[in-house]
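Observations on the three-dimensional arrangement
Below are the chains, spelled out letter by letter.
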Amino acid sequence: ADRLGWLNVHNDMPARLQEFEALADQVAEIADDVVLLGMGGSSLAPEVFAEVFGSAPGRPRLAVLDSTHPAAVLAAAARIDLKRVVFVVSSKSGGTLETMSFFRYFWDLTGGDGNRFIAITDPGSSLQRLGEERGFRAVVTAPADVGGRYSALSPFGLVPAALIGVDIGSLLAGAAEFAT
């Protein structure tokens, strides 16, 4: 009963469109790449959005790192310019071991530049506190009642989609139309 928010999330998220689009505009000014650090439900929708929509002109490319295999992590690091990348640390619980390991690795590579990080997490999580303490560019909280694998239309899916230039307003309008 506490994870059924996905049934109405398409009605709740339009109120946050301006927040997500403003963040996307900021990121477009400083980044050629966005690397989403996440596992499972936190990474599924962003990966689909990147494959289906691609990046709009003038928007960064999105890569999803959801494998802890050392070769995958090293390959992700090799593909980016650390001065022109933003990392999205995406974890519902805020403490997913794999995601936090990715974070620590890239945090060290950037020299601890909080401006290069965005957190997406549930309210009150340890990741929310970490992002605030370390001066992340943004800490975006998601509805706690939306389960991870159902989070495509929550900030877990919408923020990465906005970062690559997906029209998230149309995406939500289509979902609302489909839901009726």
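Structural notes, computed from the coordinates. What you are looking at is a predicted structure, and each value in this text was computed from that prediction instead of being measured. (Residues numbered from 1 in each chain as written. Predicted model: local features only at pLDDT ≥ 70, side-chain atom pairs only at ≥ 80, totals over all residues. Heavy atoms only, no water.)

1. Concerning the nonpolar core
Put simply, the rule is: Each nonpolar core is a collection of buried residues, namely Ala, Val, Leu, Ile, Met, Phe, Trp, Tyr and Cys, held together in the definition by side-chain atoms within 4.5 Å. Only protein chains enter the calculation, and the probe is 1.4 Å; a residue is then buried if its accessible area is under 20% of its type maximum, exposed if over 50%, and partly exposed in between. A run of H or I in DSSP counts as a helix once it spans at least four residues, and a run of E counts as a strand once it spans at least two, with each numbered from the N terminus. In what follows, residue pairs with any heavy atoms lying within 4.5 Å of each other are defined as contacts.
Val27, Ile118, Val140, Leu163 and Ile168 are the most contacted members of the largest nonpolar core, which has 32 residues in total. Those elements giving two or more residues to this core turn out to be helix 2 (17-30), strand 1 (33-38), helix 3 (41-53), strand 3 (85-91), strand 4 (117-121), strand 5 (138-141), helix 7 (155-163) and helix 8 (168-179). If sequence neighbours within four positions are ignored, isoleucine 168 has contacts with Leu17, Phe20, Glu21, Leu158, Ala161 and Ala162. Of all hydrophobic cores here, the second largest spans 20 residues; its members include Val73, Phe117, Ala119 and Leu130.

2. Points about the pattern of salt bridges
Close approach of charged atoms allows side chains with opposite charge to pair. Where we set the bar: Between Lys or Arg on one side and Asp or Glu on the other, a salt bridge is scored when a side-chain nitrogen of the former is within 4 Å of a carboxyl oxygen of the latter.
Summed over all chains, the structure comprises six salt bridges. Its salt-bridge partner being lysine 92, residue aspartate 122 comes within 2.8 Å of it at the nearest N-O pair. You can see aspartate 122 sitting in the loop between strand 4 and helix 6 (126-133) and its partner lysine 92 sitting in the loop between strand 3 and helix 5 (97-109), a full 30 residues away along the chain. Lysine 92 matches aspartate 122 in its accessibility class, with the two residues each being buried. A salt bridge links arginine 116 to aspartate 113; the shortest N-O distance between them is 3.7 Å. When its relative accessible area of 11% is taken as the criterion, arginine 116 is described as buried.

3. Focus on the sheet that holds strand 3
Operational definition: The criterion for strand pairing is that DSSP finds at least two bridges linking the strands in question. As a rule, the C-alpha atoms of each element are fitted with a line to give its axis, helices using only the stretch in contact, and angles between N-to-C directions run from 0 to 180 degrees.
What the five strands build is an open sheet, ordered 2-1-3-4-5; its pairing is parallel. Unpaired on one side and paired on the other, strand 2 (61-65) and strand 5 mark the two borders of the sheet. Geometrically, the sheet is characterised by an average inter-axis angle of 20° between neighbouring strands, direction not taken into account. Here five bridges tie strand 1 to strand 2, and the two strands are oriented parallel to one another. Paired with aspartate 33 across the two strands is arginine 61, which belongs to strand 2. Seen against the sheet, helix 3 touches strand 1, strand 2 and strand 3 and runs at an angle of roughly 145° to strand 2.

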